[in-house]
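Overview (structure and organization)
Here is how the chains run, residue by residue.
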Amino acid sequence: MRKILFIINSKAGKTEFDIKKEDIEETFRKAGRLSEIEVVNTRYKNHTKYLIDAFDTLKYDEKIVIICGGDGSLNELVNVAYGKDMTLGLIPTGTGNDFAKNFDYESFTLNSLLNFKTKKIDLIKVNDFYSINVTSLGFDTQVLKRAYDYLDKNPKLGKKAYGLAVLKSLNKINCENLELKLELVDGSNFEIKGDYLISAICNGGFYGSGFNPAPESKIDDGVLNLLLADKIPFIRFVPLIKKYKEGRHKESKYINEILVKSGTIKSKNKFIANADGEIFETDEIKFQVLPQALNWVIFE
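Cut-offs applied
- Residues numbered from 1 in each chain as written.
- Predicted model: local features only at pLDDT ≥ 70, side-chain atom pairs only at ≥ 80, totals over all residues.
- Heavy atoms only, no water.
- Salt bridge = Lys/Arg side-chain N within 4 Å of Asp/Glu carboxyl O.
- Helix = DSSP H or I, 4+ residues; strand = E, 2+ residues; numbered from the N terminus.
- Buried < 20%, exposed > 50% of the residue type's maximum accessible area, 1.4 Å probe, protein only.
- Axes fitted to C-alpha atoms, helices over the stretch in contact; angles between N-to-C directions.
- Parallel < 35°, antiparallel > 145°, perpendicular 65-115°, else oblique.
- Left-handed = near helix turned anticlockwise from the far one by under 90°.
- Contact = heavy atoms within 4.5 Å.
- Nonpolar A, V, L, I, M, F, W, Y, C, P; charged D, E, K, R; others polar.
- Core = buried A, V, L, I, M, F, W, Y, C linked by side-chain atoms within 4.5 Å.
- Expected span 1.5 Å × (residues − 1).
- Bend = angle between axes of the 7 residues up to and from the residue.
- pLDDT = per-residue confidence, 0-100.
- Arc of directions from axis to C-beta.
- Phe/Tyr/Trp six-rings, centres within 6.5 Å; stacked < 30°, edge-to-face > 60°.
- Lys NZ or Arg CZ within 6 Å of the ring centre and 35° of its normal.
- Pairing = 2+ DSSP bridges.
- Right-handed = clockwise from strand over helix to strand, strands pointing away.

Scanning all chains against the criterion turns up 11 salt bridges. Between E26 and R29 there is a salt bridge whose closest N-O contact spans 2.8 Å. With E26 and R29 both in helix α1 (residues 21-30) and 3 residues apart, this pair spans about one turn of that helix. Its relative accessible area of 43% is what places R29 among the partly exposed residues. Two residues, D220 and K119, come together in a salt bridge whose shortest N-O distance is 2.9 Å. With D220 in the loop between β9 (189-202) and β10 (224-230) and K119 in strand β5 (residues 116-126), this residue pair connects regions lying 101 residues apart in the sequence. The exposure class assigned to D220 is partly exposed, which follows from its relative accessible area of 32%.

So, in structure tokens, the structure goes:
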């Protein structure tokens, strides 16, 4: 017997789909399958963890968890559900919804919930937690922090907060002095160090509310796309931002892409980084790809 748990993040910004508990229940009721689901709105911090821990104790042949939220909600779900016998999925109702851009939601309707497929996808282990999409540090995380500050003051800004944050951050562009030790896809080791504007470890292709750092990345190939942006002259920096957003930066001499399996990024100073939009502070990032680690819902 199969059970589907829908978790609706009550605080996620409704920018892609505005789906309520009653909508999901009515869809399954009409199909005569209401007993197959449970729909819960999150009400407090760590509510998702509580729900997953409780769901894990239930005896079903197949357990599926679909989060209705954004990248932050998905990151929280992955970190509490990974290692448990569950299939995960996403209905993108957040502000950025960057991980969802790796899939086709154009034809998604509530009826899509009644019939879907599953596939195995990769995951990134970062220090002692997990990232499903992109972990990065540098200018992009500084922009993200500023965008969050804007959203705290005015949630109605939505995606505009990211564009505003980019513009406001141009007057103070800092680089991080980093030392990287990498395991390449062929198993060889590679070391590099220098001052970097952006360092992005990509499983998915999009982050930062639509920026496309790794247009050729695949979430199921057992490979991570590491993007390193060097110090860029200001006159070159502004036009490169547009190319970076559109995934047209491959030919730039200031941005390098390295295909890796694992690695360490260290600095003598603490820096802020983010995993799927969740900001943290550290002086070292140890990362590795976990191939085919998650069973994932694909809507048709």
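Close contact between helix α4 (residues 139-153) and helix α5 (residues 160-169) brings their axes to 8 Å; oriented N to C, the two are set at 120°. Here α4 lies oblique to α5, going by the angle between them. Classified by chirality, the crossing of α5 by α4 is right-handed. The residues of α5 that touch α4, namely those facing F139, V143, L144, R146, A147, Y148, Y150 and L151, are A161, Y162, L164, A165, V166, K168 and S169. Per-class residue counts for the contact of α4 with α5 are 12 nonpolar, 1 polar and 2 charged.

Let us look at the nonpolar core. If you look at the biggest cluster of nonpolar residues, it comprises 47 residues, and the most contacted ones within it are F6, I24, I91 and W296. The element that contributes the greatest number of residues to this core is strand β12 (residues 278-299), accounting for 6 residues. The contact partners of I24, leaving out residues within four places of it in the chain, are F6, I8, I19, I37, V39, C68, L110 and L113. The next biggest cluster of nonpolar side chains, apart from the first, holds 28 residues, and it includes F139, Y162, L227 and A229.

Here we come to helix α6 (residues 234-246). For α6, spanning 13 residues, the distance from its first C-alpha to its last is 19 Å, which sits close to the expected 18 Å at 1.5 Å a residue. In the structure, α6 departs most strongly from a straight axis at L240, where the bend amounts to approximately 30°. All of the buried residues along α6 are F237, L240, I241 and Y244. Buried-residue contacts for α6 involve α4, α5, β9 and β11 (255-275).

Next up on the list: the environment of T264. Along the chain, T264 turns up in strand β11. Counting along the chain gives 82 residues from T264 to L182, while the straight-line C-alpha distance between them is 6.5 Å.

Attention shifts here to the confidence of the model for the protein chain. Should pLDDT be low for a region, the predicted coordinates there are not to be read in detail. This prediction gives the protein chain a mean pLDDT of 92; 98% of its residues lie at or above 70. Taken element by element, the protein chain is modelled with least confidence in α5, mean pLDDT 83, and with most confidence in strand β6 (residues 129-131), mean pLDDT 98.

The next thing to look at is the environment of F129. Structurally, F129 is set in strand β6. Excluding anything up to four places from it in sequence, F129 contacts N79, I124, A275 and F280.

Take helix α2 (residues 47-56) next. Regarding α2, the residues found buried are H47, T48, L51, I52 and F55. Across the axial projection of α2, the buried residues extend over an arc of 130°, all falling on one side. Those residues of α2 hidden inside the fold are in contact with β1 (2-8), β2 (37-41), β3 (62-69) and α3 (71-81).

Turning our eyes to something else, we now look at the packing of aromatic side chains. Across all of its chains, the model carries 13 aromatic pairs by this definition. Ring centres of F116 and F299 lie 6.0 Å apart, and the angle between their planes is 80°; this geometry places the pair in the edge-to-face category. Taken as a pair, F116 in strand β5 and F299 in strand β12 lie far apart in primary sequence, 183 residues in all. Neither F116 nor F299 differs from the other in exposure class; each is buried. Taken together, the ring pairs in this structure connect Y105, F108, F116 and F299 into an aromatic cluster. Lying across the ring of F211, K245 places its NZ or CZ 4.6 Å from the centre.

With that out of the way, let us pick up the pairing of strand β4 (residues 87-92). With 6 of its 6 residues buried, β4 lies for the most part within the structure. Relative to β4, β3 is paired through 6 bridges, and the arrangement is parallel. By the bridge assignment for β4, I64 is matched with T87. In this fold, β3 hands off to α3, which returns the chain to β4; that crossover is right-handed. Of the pairings in the sheet, the one linking β4 to β12 comprises 2 bridges and is parallel in character.

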